[in-house]
Amino acid sequence: MIIMARESDIVAKALCQLLEKKFIADGMDKDIAKIMSSRACEVGVKAAGRGVKKAGKATKRRALNSWQKFVKQERNRYKYKSGKRKGQINMKAMSAAFKKTPAGRRKKK
């Protein structure tokens, strides 16, 4: 029996059975063909299922650290005024300003 993500997925099950029959037609042993086709199908199901969220289950988000909170605020956006980087965020100036704040002076443990 081939283990699938859903038993109702008839198309995936049929494709796995076709793959198994193709292996047997090419001269592979029946037991080995069954193992190979089931492994090929499992990998496809796992790869497809990685990004899928479970229904009804809330995802837990981590809190922002002090640097991320600083960068998020619009008033702390230091932008280049001229030159080829005009309008882009000046991270060097932001970092220097952050280090002057109480949150930026704290050292990591």
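Being a predicted model, the structure only gives us computed values, none of them experimental. (Residues numbered from 1 in each chain as written. Predicted model: local features only at pLDDT ≥ 70, side-chain atom pairs only at ≥ 80, totals over all residues. Heavy atoms only, no water.)

Q: What exactly am I supposed to notice about the overall build of the protein here?
A: Secondary structure assignment for the protein yields five helices and zero strands. Reading the helices (α) and strands (β) of the protein from amino to carboxyl end gives α-α-α-α-α. The buried share of the protein, taken over its 109 residues, is 16%. Residue pairs at least 24 apart in sequence account for 27% of intrachain contacts in the protein once pairs closer than 6 positions are excluded. Approximately 10,000 Å² of the protein is accessible, and the part contributed by carbon and sulfur atoms is 56%. (Helix = DSSP H or I, 4+ residues; strand = E, 2+ residues; numbered from the N terminus. Buried < 20%, exposed > 50% of the residue type's maximum accessible area, 1.4 Å probe, protein only. Contact = heavy atoms within 4.5 Å. Areas by Shrake-Rupley, 256 points an atom, 1.4 Å probe, with all protein chains shown as cover.)

Q: Whenever I open this one, the packing of aromatic side chains confuses me. Can you help?
A: One pair of aromatic rings is described through two measures. These are the centre distance and the angle between the planes. Following the criterion strictly, the structure yields three aromatic pairs and no others. Between tryptophan 67 and phenylalanine 70 the ring centres are 6.1 Å apart and the planes differ by 20°, which places this aromatic pair in the stacked class. Taken together, the residues span about one helical turn, with tryptophan 67 and phenylalanine 70 both in helix H3 (residues 66–72) at a distance of three residues. Note on tryptophan 67 and phenylalanine 98: the rings are 5.2 Å apart at their centroids and 75° apart in plane angle, and the pair reads as edge-to-face. Separated by 31 residues along the polypeptide, tryptophan 67 in helix H3 and phenylalanine 98 in helix H4 (residues 91–99) bring together distant segments of the chain. Look at tryptophan 67 and you get partly exposed, because its relative accessible area is 26%. Each residue in the set Trp67, Phe70 and Phe98 is aromatic and connected to the rest through ring pairs, giving one cluster. (Phe/Tyr/Trp six-rings, centres within 6.5 Å; stacked < 30°, edge-to-face > 60°.)

Q: Which parts of the structure should I look at to understand the side chain of asparagine 76?
A: The topology assignment puts asparagine 76 in the loop between H3 and H4. Judged by its relative accessible area of 8%, asparagine 76 falls in the buried class.

Q: When you look at the side chain of glutamate 20 in this model, what are you seeing that I'm missing?
A: Assignment of secondary structure puts glutamate 20 in helix H1 (residues 10–25). One buried charged residue, glutamate 20, forms no salt bridge at all, with the nearest opposite charge on lysine 34 at 5.3 Å. Other than its neighbours up to four places away in sequence, glutamate 20 contacts Ala33, Lys34 and Ser37. (Lys, Arg positive; Asp, Glu negative; His and termini not counted. Salt bridge = Lys/Arg side-chain N within 4 Å of Asp/Glu carboxyl O.)

Q: Would you mind going over H1 with me for this structure?
A: An α-helical turn contains 3.6 residues, so a residue and the one three or four places further along point in the same direction. Between its first and last C-alpha, H1 extends 22 Å over 16 residues, near the 22 Å set by a 1.5 Å rise per residue. At the exit of H1 stands glycine 27, carrying a positive phi of roughly 100°. (Expected span 1.5 Å × (residues − 1).)

Q: What is the right way to look at the pattern of salt bridges in this model?
A: On inspection of all chains with the given rule, the structure shows two salt bridges. A salt bridge links aspartate 26 to lysine 22; its shortest N-O distance comes to 3.1 Å. In this structure, the salt-bridge partner of arginine 77 is glutamate 74, at a minimum N-O distance of 3.1 Å. Taking relative accessible area as the criterion, glutamate 74 reaches 53% and is therefore assigned exposed.

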